Amino acid sequence: MGSIRFMELGRIVFFSVSGSDMTTVHALKGGGEFLRRLQKEEEVQQSLRRESRRPKYSRFSQQELGSCKPMLTPRCTVAMFVSLGVMCIAIGVYALLASWSVVELVNRYDIFCIMKYATHANPMITVDEKIAFMQDATKRKNCTITMDVTKLMKQPIYVYYQLGNYFQNHRRYVKSKSERQLRGLAASSSELNDCKPEDQVNGEVIVPCGLIAWTLFNDTYDLSTNGFSSDNGTVFVNKTAIAWKSDREERFNNTVFPTNFPNNNRTTLANASQIGGGWLNESLPLSKNENLMVWMRTAALPTFRKLYGRIETDLQPGTKLTINIENYYNAYGFGGSKKLVLSTASWIGGRNDFLGLSYIVVGCASILMGLVFLYVHWKNPRPLGDRSYLSWVRKSPATSTVTS
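Just so it is clear, the model here is predicted, and its values are computed rather than measured.

**As for the overall build of the protein**
Inference 1: Across its full length, the protein holds 12 helices and 14 strands.
Inference 2: Here the protein, with 404 residues, has 32% of them falling under the buried criterion.
Inference 3: Of the contacts made within the protein by residues no fewer than 6 positions apart, 76% connect residues no fewer than 24 positions apart.

Encoded structure:
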């Protein structure tokens with residue numbers, strides 16, 4: 001069929017139909033009205049095309065990109081499970097060997113240090129006797145323990161204190177602080193309310209307020225390799241850069257100094273019950289007290305370790321460490337435990353066998369599943385693409401009888 005051309009002249013429209021061998025011209029009355037409707041519809045369609053929000057066509061927008069749909073054959077499935085299992089076992093063994101390479105020394109000293117001062121008059125058996133002894137500021141509480149280095153400990157050697165049965169994750173305890181106060185701003189009324197009962201002293205706001213700061217760990221450790229017979233055997237413990245960088249530079253402001261801190265008042269026995277933990281140097285800004293920063297990062301579990309410092313020299317096998325401990329922290333009132341830990345580190349951190357064992361267990365389970373699939377395929381093989389196994393093809397005997 002050829003093309004159609006039309007032209008309006010007055011009320012008469014001429015249609016020119018060109019074909020392969022002839023041209024016919026017809027004059028029709030009323031053709032102008034038809035043309036106007038046709039033009040109006042064309043304008044409407046153009047307007048709709050202009051206002052359309054249809055995105056530009058692309059294979060991506062129309063989801064016509066090529067895709068890969070692999071067929072999980074029995075052989076492929078078995079190979080995947082076995083390969084995954086072998087990789088997991090290899091990673092697990094590597095992680096386990098790294099964990100075993102960590103040299104760790106642990107010594108619990110809380111019981112030894114207090115029983116050292118047991119007497120016939122005060123045998124230190126009951127909790128009340130232990131608490132009374134710890135709150136007596138006139139009595140010494142130091143003790144000395146030893147730790148034997150059996151393997152080479154390469155620097156840096158991390159020194160931790162470990163507390164047990166200490167629930168820092170208690171909601172009331174975790175909220176008992178003022179973040180605004182640590183950043184150098186005035187504490188809000190809601191934050192001061194959370195800090196109670198360690199919010200004010202004689203009407204003056206405590207800085208830093210709250211139970212976390214009030215219970216600051218304050219046991220100290222001095223290490224020596226020759227029993228403190230000379231200064232040459234003293235082991236230096238570096239206590240700088242032990243807190244998070246964000247805490248040192250942002251969270252704790254260098255313009256905030258301890259003020260009205262209750263633990264600093266240790267002059268009379270009447271104030272003994274008000275002392276929760278360590279004291280704070282009022283001439284030292286909070287941004288320089290990294291022991292406080294480490295302590296205020298509350299632990300999630302009741303048994304936890306916190307970094308005390310690090311030794312930056314190697315300890316040779318056969319070294320006998322003598323540690324002089326100032327046993328100030330009262331963990332006896334809540335049945336807690338205190339341990340001193342010296343540990344090296346590997347690429348996975350400290351000693352932790354859980355990660356390596358987890359990989360090994362998952363790897364063994366994956367290989368076992370692969371072997372199970374291999375046995376099932378060997379026991380009950382079937383060709384791929386067999387339509388007889390499709391649900392809409394398989395028919396029950398009753399259905400077959402009715403159909404026939």
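**A look at the UniProt feature "transmembrane region" (unreviewed entry) in the protein**
Inference 1: With numbering aligned to this structure, UniProt lists the feature "transmembrane region" (unreviewed entry) at residues 78-103 and 354-378.
Inference 2: Taken as a whole, residues 78-103 contains 88% helix and 0% strand, while its terminal C-alpha atoms sit 40 Å from one another.
Inference 3: With 100% helix and 0% strand, the stretch residues 354-378 has end C-alpha atoms that lie 36 Å from each other.

**Quick notes on the packing of aromatic side chains**
Inference 1: Within this structure, the stated rule accounts for 18 aromatic pairs.
Inference 2: Taking 5.6 Å as the distance between ring centres and 85° as the angle between the ring planes, the aromatic pair formed by Y166 and W295 counts as edge-to-face. With Y166 in the loop between β6 (157-164) and α5 (171-174) and W295 in helix α10 (residues 290-295), this residue pair connects regions lying 129 residues apart in the sequence.
Inference 3: Members of the aromatic cluster, connected to one another through ring pairs, are Y161, Y166, Y173, F217, W295, F304, Y329 and F334.
Inference 4: The ring centre of F133 lies 5.6 Å from the NZ or CZ of K141, which sits over that ring.

**Regarding the sheet that holds strand β11 (residues 237-238)**
Inference 1: One open sheet holds the 5 strands; their spatial order is β4-β14-β6-β12-β11, and the pairing between them is antiparallel. Looking at strand neighbours, the two that pair on one side only are β4 (104-108) and β11, the edges of this open sheet.
Inference 2: Across 2 bridges, the pairing between β11 and strand β12 (residues 304-311) is antiparallel. Bridge pairing in β12 places N238 opposite R310.

**Regarding the confidence of the model for the protein**
Inference 1: Of the residues in the protein, 86% reach a pLDDT of 70 or more, and the chain-wide mean stands at 84.
Inference 2: Averaged pLDDT values for the elements of the protein fall to 44 in strand β3 (residues 23-29) and rise to 97 in β6.
Inference 3: Note that pLDDT drops below 50 for residues 1-29; the model gives that stretch 45 contacts with residues more than four away or on any other chain.
Inference 4: Here residues 398-404 is modelled with pLDDT under 50, and outside its nearest four sequence neighbours on either side it reaches 1 contact, counting other chains as well.

**Observations regarding the sheet that holds strand β9 (residues 220-224)**
Inference 1: Taken in spatial order, the 4 strands line up as β5-β13-β9-β10 in an open sheet, and their pairing is antiparallel. Two strands in the sheet have a free side with no partner beyond their single neighbour: β5 (142-148) and β10 (234-235).
Inference 2: In the sheet, β9 pairs with β10 via 2 bridges, with the strands oriented antiparallel. Counted as the bridge partner of L223 is V235 from β10.

**Looking at the environment of K154**
Inference 1: Residue position: K154 is located in the loop between β5 and β6.
Inference 2: Look past the residues within four positions of K154 in its chain and what remains in contact with it is D314 and T344.

**Focus on the environment of N264**
Inference 1: Locating N264 in the fold gives a position in the loop between α9 (245-251) and α10.
Inference 2: Note on N264: relative accessible area 25%, which makes it partly exposed.
Inference 3: For the pair N264 and L280, spaced 16 residues apart in sequence, the C-alpha separation works out to 6.7 Å.
Inference 4: Leaving out residues up to four positions away in the same chain, N264 has contacts with W279, L280 and E282.

**Notes on the side chain of S343**
Inference 1: Within the secondary structure, S343 sits in strand β14 (residues 337-343).
Inference 2: Those residues in contact with S343 that sit more than four places away from it in its chain are V102, V103, E104, M153, P156, I157, Y158 and Y160.

**A short note on the packing of helix α2 (residues 74-100) against helix α11 (residues 354-379)**
Inference 1: Their axes nearest at 7 Å, the elements α2 and α11 cross at an angle of 160°. For the element pair α2 / α11, the angle class is roughly antiparallel. At the point where α2 passes α11, the crossing takes the left-handed sense.
Inference 2: In terms of residue class, the contact of α2 with α11 is made up of 21 nonpolar, 8 polar and no charged.

Cut-offs applied
Residues numbered from 1 in each chain as written. Predicted model: local features only at pLDDT ≥ 70, side-chain atom pairs only at ≥ 80, totals over all residues. Heavy atoms only, no water. Helix = DSSP H or I, 4+ residues; strand = E, 2+ residues; numbered from the N terminus. Buried < 20%, exposed > 50% of the residue type's maximum accessible area, 1.4 Å probe, protein only. Contact = heavy atoms within 4.5 Å. UniProt positions renumbered as here; feature names shortened; annotations may be inferred. Phe/Tyr/Trp six-rings, centres within 6.5 Å; stacked < 30°, edge-to-face > 60°. Lys NZ or Arg CZ within 6 Å of the ring centre and 35° of its normal. Pairing = 2+ DSSP bridges. pLDDT = per-residue confidence, 0-100. Axes fitted to C-alpha atoms, helices over the stretch in contact; angles between N-to-C directions. Parallel < 35°, antiparallel > 145°, perpendicular 65-115°, else oblique. Left-handed = near helix turned anticlockwise from the far one by under 90°. Nonpolar A, V, L, I, M, F, W, Y, C, P; charged D, E, K, R; others polar.

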